[in-house]
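Summary of structural features
Read off the chains here:
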Amino acid sequence: MTDNNTHHDTLRRKPLLQAAHEEMVKFERKENEFRKKDREERAAELHLPLNEIKVH
């Protein structure tokens, strides 16, 4: 009976983990976009040549 419960728990957990992973990917994408925009805005304010500076 323990094997059946473990299997059932795994089946319930898998969609939750997948949803959490998808949300994390969305968050990381938004965070990266925000950082890029912020860098560009700060570079413009400081009149820095962003294209010549290698940003990791």
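Right above here is the structure, for reference.
It should be emphasised that the depicted structure is a prediction, and the values quoted were computed from it without experimental measurement.

1. Observations concerning the overall build of the protein chain
Across its full length, the protein chain holds one helix and zero strands. Taken across its 56 residues, the protein chain has 2% of its residues classed as buried. Surface exposure of the protein chain reaches about 5800 Å², of which carbon and sulfur atoms provide 55%.

2. Some remarks on the pattern of salt bridges
All chains considered together, the criterion is met by three salt bridges. For the salt bridge of K26 with E23, the shortest nitrogen-to-oxygen distance reads 3.3 Å. Of this pair, K26 and E23 are both found in helix α1 (residues 2-46), three residues apart, which corresponds to roughly one turn of the helix. For K26, a relative accessible area of 43% corresponds to the partly exposed category. Put simply, E31 and R35 hold a salt bridge, and the shortest N to O gap is 3.0 Å. With E31 and R35 both in helix α1 and four residues apart, the pair spans about one turn of that helix.

Calculation notes
- Residues numbered from 1 in each chain as written.
- Predicted model: local features only at pLDDT ≥ 70, side-chain atom pairs only at ≥ 80, totals over all residues.
- Heavy atoms only, no water.
- Helix = DSSP H or I, 4+ residues; strand = E, 2+ residues; numbered from the N terminus.
- Buried < 20%, exposed > 50% of the residue type's maximum accessible area, 1.4 Å probe, protein only.
- Areas by Shrake-Rupley, 256 points an atom, 1.4 Å probe, with all protein chains shown as cover.
- Salt bridge = Lys/Arg side-chain N within 4 Å of Asp/Glu carboxyl O.

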